Structures are given as structure tokens and as C-alpha cells.
Amino acid sequence: MSKLTKKQKTWTIDAEKLHGVDEAIGLAKTNATSKFDETIEVALNLGVDPRHADQMVRGVVTLPAGTGKTVRVGVFARGPKADEARAAGADVVGAEDLMEEIQGGKIEFDRCIATPDMMGVVGRLGKVLGPKGLMPNPKLGTVTMNVAEAVKAAKGGQVEYRVEKAGIIHSGIGKASFAQEDLRRNFDALVDAVVKAKPSGAKGKYVKKVAVSSSMGPGIKVDVAEIAGA
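It should be emphasised that the depicted structure is a prediction, and the values quoted were computed from it without experimental measurement.

### Considering the sheet that holds strand 7 (residues 168-175)
- The sheet built from 4 strands is open, its strands ordered 7-1-8-9 with antiparallel pairing. Every other strand in the sheet has two partners, leaving strand 7 and strand 9 (220-222) as the edge strands with one partner each. Neighbour-to-neighbour, the strand axes of the sheet open up by a mean angle of 25°, direction not taken into account.
- Here strand 1 (residues 39-46) runs beside strand 7; their pairing, made up of 6 bridges, is antiparallel. Of the residues in strand 7, the one forming a bridge with Asn45 is Ile168.

### Here we look at the domain arrangement of the protein chain
- Each assigned domain of the protein chain is listed here: domain 1 (15-67 + 157-226) and domain 2 (73-156).
- Between the C-alpha centres of domain 1 and domain 2 the distance comes to 27 Å.
- For the pair domain 1 and domain 2, the summed buried area comes to about 700 Å², and 39% of that belongs to carbon and sulfur atoms.
- Inspection of the domain 1/domain 2 interface yields 0 salt bridges.

### Focus on helix 8 (residues 180-196)
- Between its terminal C-alpha atoms helix 8 stretches 24 Å, which fits the 24 Å expected from 17 residues at 1.5 Å a residue.
- Every buried residue belonging to helix 8 is among Leu183, Asn186, Phe187, Ala189, Leu190, Val191, Ala193, Val194 and Val195, and all of these are buried.

### As for empty space enclosed by the protein
- Within the structure shown, the criterion is met by 1 cavity of 30 Å³ or more.
- Its boundaries defined by the atoms lining it, the largest cavity holds a volume of some 60 Å³.
- Lining the largest cavity, in full, are Arg58, Asp110, Arg111, Cys112, Gly133, Leu134, Met135, Leu140, Thr142 and Glu160.

### Description of the layout of surface pockets
- Approximately 590 Å³ is the volume attributed to the largest pocket.
- Residue lining of the largest pocket: 21 residues in total, with Lys69, Val159, Glu160, Ser171 and Gly172 positioned closest to the centre.
- If you list the elements that add at least two residues to the lining of the largest pocket, you get strand 1, strand 6 (158-162) and strand 7.
- Of the residues belonging to the lining of the largest pocket, the class tally is 4 nonpolar, 9 polar and 8 charged.
- Residues lining the lining of the largest pocket come from more than one domain, with at least three contributed by each of domain 1 (15-67 + 157-226) and domain 2 (73-156).
- Elements with a contribution of two residues or more to the lining of the second largest pocket: strand 8 (207-214) and strand 9.
- In terms of residues, the lining of the second largest pocket owes the most to one element, strand 8, which gives 4 residues.
- Residue composition of the lining of the second largest pocket, by class: 7 nonpolar, 1 polar and 4 charged.

### Focus: the sheet that holds strand 5 (residues 111-114)
- With parallel pairing, the 3 strands of this open sheet are ordered in space as 4-3-5. Either end of the sheet is taken by a strand with one partner, and the two such strands are strand 4 (92-94) and strand 5. Strand-to-strand twist of the sheet, defined as the mean angle between neighbouring strand axes without regard to direction, takes the value 15°.
- Inspection of the sheet shows strand 3 (residues 73-76) paired to strand 5 by 4 bridges, in the parallel sense. Looking across to strand 5, one finds that Val75 is bridged to Ile113.

Each value, and the rule that gives it
Residues numbered from 1 in each chain as written. Predicted model: local features only at pLDDT ≥ 70, side-chain atom pairs only at ≥ 80, totals over all residues. Heavy atoms only, no water. Pairing = 2+ DSSP bridges. Helix = DSSP H or I, 4+ residues; strand = E, 2+ residues; numbered from the N terminus. Axes fitted to C-alpha atoms, helices over the stretch in contact; angles between N-to-C directions. Domains from an automatic or database assignment. Buried area = accessible area lost by both parts, 1.4 Å probe. Salt bridge = Lys/Arg side-chain N within 4 Å of Asp/Glu carboxyl O. Expected span 1.5 Å × (residues − 1). Buried < 20%, exposed > 50% of the residue type's maximum accessible area, 1.4 Å probe, protein only. 1 Å grid on protein atoms, 1.4 Å probe; cavity = no way out; pocket = protein on both sides within 12 Å on 5 of 7 lines; lining within 4 Å. Points joined across faces, edges and corners; volume = space filled by probe spheres on them. Nonpolar A, V, L, I, M, F, W, Y, C, P; charged D, E, K, R; others polar.

Here's what the structure looks like:
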């Protein structure tokens, strides 16, 4: 058995115990002892196999209390739509010029939005943006003519969630410095969105396990019985 680190010795949790949601969030905050403001994260283990198209779980949700992060937004648009994006606070706006920057290895955004007419240009960047999860997608509201609204949503607490190969969704729900009730509101919003996104192909128990942690802290198991629709 490996030795506990100095940090692990300070953790105040029973690794096997199931906790209520509020208790788990409180413990995650207590165990966030790093010098930086750690992110509080949720891991949802789902009863799906994302290799099958009818079991993919993916979407966006707006966290009511925000994320605590500064999100840089890139927009592919021309003319008045490009002006709209800039006015809404987009960090990078362009067309072929932006495509060339990205091809040259310069990606200065965390979310990417495009107007439908720009998808011919954006499509050439599939091999670059796809693996990074940055490819605009109509289902996620990132291919749209309403670029101003999309930019404001991305800046204002909207997060994207996507199930990984092992059937797990990881997502931040705010910072350790957030008030307990704000983290609970964000937790509820994320879990509700994932439950509502249950795919047609999912059979048996949908939400198998839930854990809450801080960036550098231990995973705290949540009692799935507390989660409606799971």
C-alpha cells in the first residue's frame, strides 16, 4: 500500500461512505486546501456505452451561479455578424484569417461559435478543433445566426458536458470559494440536464455513481438515491 502524502493525511472523509449532496459539497469545500481557488467537480458514472450512437450523452447547461472561470470565446463570422460577436464580448473574431491562425497552431479561445455560412471554412479545421472538443455544433447551440446570444451564454456560465469512453461525465460546477448554496444550485442544474438527456438506447440503471471533489481533493461519494430521475 502506498504511503499517504502530507495532503492526503489532512483529508477528512470516509472514502466508502455515501453522503447527501449538501454534505458532499461541504466536504469538497473543506478539503480544497490548495493555495489557489480549486474547482469543485462532479463525476457521473452512467449506465451507457458511448461507442453506440444511441447511447451518447452530450449537451450544454447554464450553471445559474456561473463557473467562476473566464471563458475565451472565438467566433467565425463575417460582416454585421462579426460586429455583433465583438459587441457581445467575443475574444477572437474572424473568417479565413482566423482559420489560418488556427492552422498555424494559434488557438486563443475555450469555446468556438460559428454562423452556418462559415461551416465550410470551419470544416477544414475538423482535425484540429475536433480532438479538443472545440468544433461548433448546431445541437450545442454553437452553430447559430444569433451569435450575440451564444457569446453571452458561453461567457455567462454555460458549460458543455460529454460522456467519455468509460461512461463517465466530468464537469466543474464552480469554485471552492463559492457559497455552498450556489454550488448546490449548479450541481442540481448539471445533474438535471444529464438526467433529462438520457438516451433512448440506455438500458437498466442510468446514473450508477456520483462523486464530488475539488481539483486536488479526494472524491466524495454521493448517495444516488438523492438524485431525482436517476
